[in-house]
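So the chains spell out like this:
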Amino acid sequence: QVQLVESGGGLVQPGGSLRLSCAASGSIFNIYVMGWYRQAPGKQRELVATITSGGNTNYADSVKGRSTISRDNAKNTVNLQMNSLKPEDTAAYYCYAIIQRTAISTSFQYWGQGTQVTVSS
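Residues numbered from 1 in each chain as written. Predicted model: local features only at pLDDT ≥ 70, side-chain atom pairs only at ≥ 80, totals over all residues. Heavy atoms only, no water.

### Things to note about the side chain of Gln100
Right, on to step 1. Examined against the element boundaries, Gln100 turns out to sit in strand E9 (residues 91-100).
Right, on to step 2. The class for Gln100 is buried, based on a relative accessible area of 8%.
Right, on to step 3. Non-local contacts of Gln100, meaning those with residues more than four positions away in its chain, are made with Ile28, Phe29, Asn30, Tyr32, Ser105, Thr106 and Ser107. (Helix = DSSP H or I, 4+ residues; strand = E, 2+ residues; numbered from the N terminus. Buried < 20%, exposed > 50% of the residue type's maximum accessible area, 1.4 Å probe, protein only. Contact = heavy atoms within 4.5 Å.)

### Considering the pairing of strand E3 (residues 18-26)
Right, on to step 1. Pairing of strand E1 (residues 2-7) with E3 involves 6 bridges; the strand directions are antiparallel. Along E3, the bridge assignment pairs Leu4 with Ala24. (Pairing = 2+ DSSP bridges.)

### Quick word on the side chain of Asp89
Right, on to step 1. If you trace the backbone, Asp89 turns up in the loop between strand E8 (77-82) and E9.
Right, on to step 2. Classification of Asp89 as buried rests on a relative accessible area of 2%.
Right, on to step 3. Once you skip the residues sitting within four places of it in the chain, Asp89 turns out to touch Arg38, Val63, Arg66, Ser84, Val117 and Val119.

### With respect to the pattern of salt bridges
Right, on to step 1. Summed over all chains, the structure comprises 4 salt bridges.
Right, on to step 2. As a salt-bridge pair, Glu46 and Arg38 come within 2.7 Å of each other at their nearest N and O atoms.
Right, on to step 3. Its relative accessible area of 5% is what places Arg38 among the buried residues.
Right, on to step 4. The residue Asp89 makes a salt bridge to Arg66 at a minimum N-O spacing of 2.8 Å. Placement of the pair is Asp89 in the loop between E8 and E9 and Arg66 in the loop between strand E6 (57-59) and strand E7 (67-72), with a sequence separation of 23 residues. This pair shows no difference in class: Asp89 is buried, exactly as Arg66 is.
Right, on to step 5. Here the salt bridges do not stand alone but share partners, grouping Arg38, Glu46, Arg66 and Asp89 into one network. (Salt bridge = Lys/Arg side-chain N within 4 Å of Asp/Glu carboxyl O.)

### A short note on the pairing of strand E4 (residues 30-39)
The two faces of the sheet receive side chains in turn, since in a regular strand these alternate between them.
Right, on to step 1. Relative to E9, E4 runs antiparallel, the two being bridged by 9 bridges. The residue bridging Trp36 from the neighbouring strand is Cys95, located in E9.
Right, on to step 2. Looking at chain direction, E4 and strand E5 (residues 46-52) are connected through 6 bridges and run antiparallel. Residue pairing for E5: Arg38 is matched across the bridge by Glu46.

Next up, the structure:
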């Protein structure tokens, strides 16, 4: 089994900062991509940021310049530092990873259970 466990969500005032963390555990051979998606009420889940095992990053335009994604390949963790938060950043944030469990297995997508981020005064 593979688990993604998020932490770091909460309530923050507009203009504030928050750091989300996610740790992958279980039977893992390789993690190709780790990242974050978010889903606001009544909206579709959308990409926030991803990072490959080689360190290549991809950000949604809505968070570019305000967020930094990083990962520790040795610890199978990914972090998302979000600054200058806006009310429209309010959403449930989901950790995401593409994981190969053994040397001969196919890679699959895995999701965490989500952590709520609320930006409000």
